[in-house]
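Topology and contacts: notes
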Amino acid sequence: MAFDHRKYRPYAPIAKPARRWPDQVISRTPDWCAVDLRDGNQALVKPMSVAQKKKLFQLLVEVGFKEIEVGFPAASQTDFDFVRALIEENRIPDGVTVQVLTQAREDLIARSFESLKGAKSAVMHVYNSTSTVQRQQVFGLDRDGIKQIAIRGAEWVRHYAQQYPDTDWTFQYSPESFTGTEIDYAVEVIDAVNNVWQPQGGQKVVINLPATVEMSTPNVFADMVETVIDTMQQRQYVRISLHTHNDRGCAVAAAELGVMAGADRIEGTLLGNGERTGNMDLITMAMNLYSQGVDPQLDFSRMKDIVEVVQEVTDIRMHPRHPYAGEFVYAAFSGSHQDAIRKCLARYDEGDIWQVAYLPIDPADVGRRYEEVVRINSQSGKGGVVHVLERDYGITLPRWLQVEFSKIVQGEAESDGGEINGARIHQLFNQHYLSIRDGWKLQGYDLHRSDDVVEARVSVAGSSGMPLRVLVAKGSGAVSALVNSLALELGVAIRVESFDEFSLGDNTASNALACVRMQIDGNMVSAAALADDTTSAALQAVLNAVSGIAEARSTRLAG
Ligand code: KIV
Ligand code: ZN
């Protein structure tokens, strides 16, 4: 059998008697380094063109990244040309540092420095693989042999940097496949590299710990980070950076726990594009901090535009449920969620603390509209339907009609199987309650009040030449007067079960809505009407309710 777990071994956790990181809370944002243009690009079916790279670089600058790994210029002519274009076309703003990656080989390091000629400040990022698997099976070298590669790489970096004294250099070293490397050996190599670079003498150094392949639970990774920090020699002089990949789906969690363990800097990509399952997603991690009240120092308010650019240059569609950015991540279809959201939103005052059930952040912060939150399908309850009618059409329904109408919407959603938008909900409301049958349109009314009795003359017009009828009757109010007259005229028993009227908001075409439920000849009928004034709305609602029954009766009589 091919699917056989026995060919795998568990990742050995490192012995760590006292760990501090579990008690830490992230209250300060780490330094960010976007590696979309290098690691992200290396993973693409079709690598980015220079024009696409320029577009993405501009976006990263606008979002607020201060360190951007722009390519692997010694390995790719496009990357070399791109780095040259950034420098020669003055595209790197002050305060932004570009970074390039190189293997620890002299020719490649020399070419990488050449690509950065003229840059104001830059990070030269050198790496070599240190894992047991790579040592034994790829390079056939022992621990010392691999360490020597790192040391020589560090020496060449120091040497070539001296040839470009006008650039403010940071040196970065990555023990690639750190997660597959024995921790004491990783520290030994890091110390050896720092011994060349001498960060304690003022050279700016980043030590980057890559989870090149994510191999363990994030807590084990955090243990490793804390151990490196505790046992390396020059900790206080270097920035510790993390570069997590997402093979187990925990790249963000590993980076977060790594920051709790003391890391200063995080490398990742927008939406997590990168080798295999991707790099750590910068949007998710930054927005996680944001949702905890920590300023991420990055601006994701134009999330839609950001996603558009990333999708365009990577040619990869974002998942609709992608954290913070996906199409559905602020949508609630389920009735109980909609209800809770509606109630919380009603209590949320601008500027107040955000405490809304089911919504970890305010969708408006990332340019989303509240209109997208409550969406209706067959799982939605009355709360959602009512919310959409109110939100999109300013129509408020009484409770008894909410229950009744939401069943109609639910029936429609069940037979359709999909989502019902606001326009369709309004259409259904119109069709079931508001539509006026031929011959039952209120043309005018005249009310006389005396001794608590209202005498009503209600004129009802037919369309296309039907005669105008005038109904005259008495009652305790306009509605009961009309009901009495209709009962007489049609010879049926009519009882009003519920009646509600509402003044409507300024953004609606009509001023008033009336809703009525009546028992007519033993049948329960509901109807509603919109009009310029409440009395007209009330009278038309009654006419709408009666008209159906009357038509059915006349058809029966005629038959
Ligand atoms: O994933 C990785 O190990 C890398 C290094 C080159 C930093 O991308
Ligand atoms: Zn990587």
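How each quantity is defined
- Residues numbered from 1 in each chain as written.
- Chains lettered and ligands numbered in written order.
- Predicted model: local features only at pLDDT ≥ 70, side-chain atom pairs only at ≥ 80, totals over all residues.
- Heavy atoms only, no water.
- Axes fitted to C-alpha atoms, helices over the stretch in contact; angles between N-to-C directions.
- Helix = DSSP H or I, 4+ residues; strand = E, 2+ residues; numbered from the N terminus.
- Parallel < 35°, antiparallel > 145°, perpendicular 65-115°, else oblique.
- Contact = heavy atoms within 4.5 Å.
- Expected span 1.5 Å × (residues − 1).
- Near = heavy atom within 4 Å.
- Polar contact = N/O pair within 3.5 Å; in protein donor to acceptor, adjacent residues only side chain to side chain.
- Areas by Shrake-Rupley, 256 points an atom, 1.4 Å probe, with all protein chains shown as cover.
- Nonpolar A, V, L, I, M, F, W, Y, C, P; charged D, E, K, R; others polar.
- Pairing = 2+ DSSP bridges.
- Donors = N, O, S within 2.8 Å, 3.2 Å for Na, K, Ca; no water.
- Buried < 20%, exposed > 50% of the residue type's maximum accessible area, 1.4 Å probe, protein only.
- Salt bridge = Lys/Arg side-chain N within 4 Å of Asp/Glu carboxyl O.
- Right-handed = clockwise from strand over helix to strand, strands pointing away.
- Domains from an automatic or database assignment.
- Buried area = accessible area lost by both parts, 1.4 Å probe.

As a packed pair, helix H13 (residues 382–393) and helix H15 (residues 422–434) sit with axes 10 Å apart at the nearest point and diverge in direction by 100 degrees. Put simply, H13 runs roughly perpendicular to H15. In this structure, H13 uses Val385, Val388, Leu389, Asp392 and Tyr393 to contact H15, whose residues at the interface are Gly422, Ala423, Ile425, His426 and Phe429.

Spanning 18 residues, helix H14 (residues 399–416) covers 25 Å between terminal C-alpha atoms, matching the ideal 26 Å at 1.5 Å per step. In the core, the buried residues of H14 are packed alongside H13, H15, strand S12 (494–503), strand S13 (512–520) and strand S14 (523–531). Phi for Gly417, located one or two positions after H14, is positive at around 85 degrees.

A few words now on the site of ligand 1. Near ligand 1 you find Arg38, Asp39, Leu101, His125, Ser174, Glu176, Asn208, Pro210, Thr212, His243 and His245, and these make up its full shell. Taking His243, its side chain carries an N or O atom lying 3.1 Å from an oxygen atom of ligand 1. Protein burial of ligand 1: of its 260 Å² of free accessible surface, 94% is covered by the chains. Classifying every residue of the shell around ligand 1 gives two nonpolar, six polar and three charged.

The sheet contact formed by strand S1 (residues 31–34) and strand S8 (residues 265–268) spans four bridges and is parallel. Residue Ala34 lies in a different strand from S8, and its bridge partner there is Gly268. Pairing of S1 with strand S2 (residues 67–71), which is carried by two bridges, proceeds in the parallel orientation. The residue of S2 that forms the bridge with Ala34 is Ile68.

Distances from the zinc ion (ligand 2) to its protein donors, namely Asp39 (OD), His243 (NE2) and His245 (NE2), fall within the range 2.0 to 2.1 Å. Ordering the donors of the zinc ion (ligand 2) by residue number gives the pattern D-x203-H-x1-H. For His243, a relative accessible area of 5% corresponds to the buried category. The class of His245 is buried, set by a relative accessible area of 4%.

Once that is clear, we can look at the pattern of salt bridges. One pass over the full model with this rule turns up 38 salt bridges. Here Arg20 ties to Asp230 by a salt bridge, and the two come within 2.9 Å at their closest N and O atoms. Placement of Arg20 in the segment before S1 and of Asp230 in helix H8 (residues 218–231) is noted, with a sequence separation of 210 residues between them. Taking the relative accessible area as the measure of exposure, Asp230 reaches 41% and is therefore partly exposed. Close ionic contact of Arg375 with Glu327 constitutes a salt bridge, the shortest N to O distance being 3.7 Å. On the criterion of sequence distance, the pair formed by Arg375 in the loop between helix H12 (335–347) and H13 and Glu327 in the loop between helix H11 (303–314) and H12 is long-range, its members being 48 residues apart.

Further remarks concern the pairing of strand S7 (residues 239–244). Across a regular strand the side chains alternate sides, sitting on one face of the sheet and then on the other. Burial analysis of S7 places five of its six residues in the buried class, the great majority of the element. When strand S6 (residues 204–211) meets S7, the two strands line up parallel, connected through six bridges. Bridge assignment links Ile207 to a residue of S7, and that residue is Ile240. Handedness of the crossover joining S6 and S7 through H8: right-handed. As judged from the three bridges shared by S7 and S8, these two strands associate in the parallel manner. Residue pairing in the sheet places Ser241 in a bridge with Arg265 of S8.

The next subject is the domain arrangement of the protein. Entries for the protein in the domain assignment read domain 1 (28–314), domain 2 (335–434) and domain 3 (441–558). Computed from C-alpha coordinates alone, the two centres of domain 1 and domain 2 are separated by 45 Å. Listed by partner, the interface residues are six residues for domain 1 and five residues for domain 2. Summed over both partners, the interface of domain 1 with domain 2 buries about 420 Å², with 65% contributed by carbon and sulfur atoms. Inspection of the domain 1/domain 2 interface yields zero salt bridges. Seen at the junction of domain 1 and domain 2, the total is two residue pairs in polar contact (both at pLDDT 80 or more). The biggest single contributor to the side of domain 1 that touches domain 2 is helix H10 (residues 282–291), with three residues. Of the residues belonging to the side of domain 1 that touches domain 2, the class tally is four nonpolar, two polar and no charged.

This paragraph deals with the sheet that holds strand S10 (residues 453–461). What the three strands build is an open sheet, ordered S9-S10-S11; its pairing is antiparallel. In this open sheet, the two edge strands, each paired with only one partner strand, are strand S9 (441–450) and strand S11 (469–475). Sheet twist, expressed as the average angle between the axes of neighbouring strands with direction ignored, equals 15 degrees. The sheet contact formed by S10 and S11 spans seven bridges and is antiparallel.

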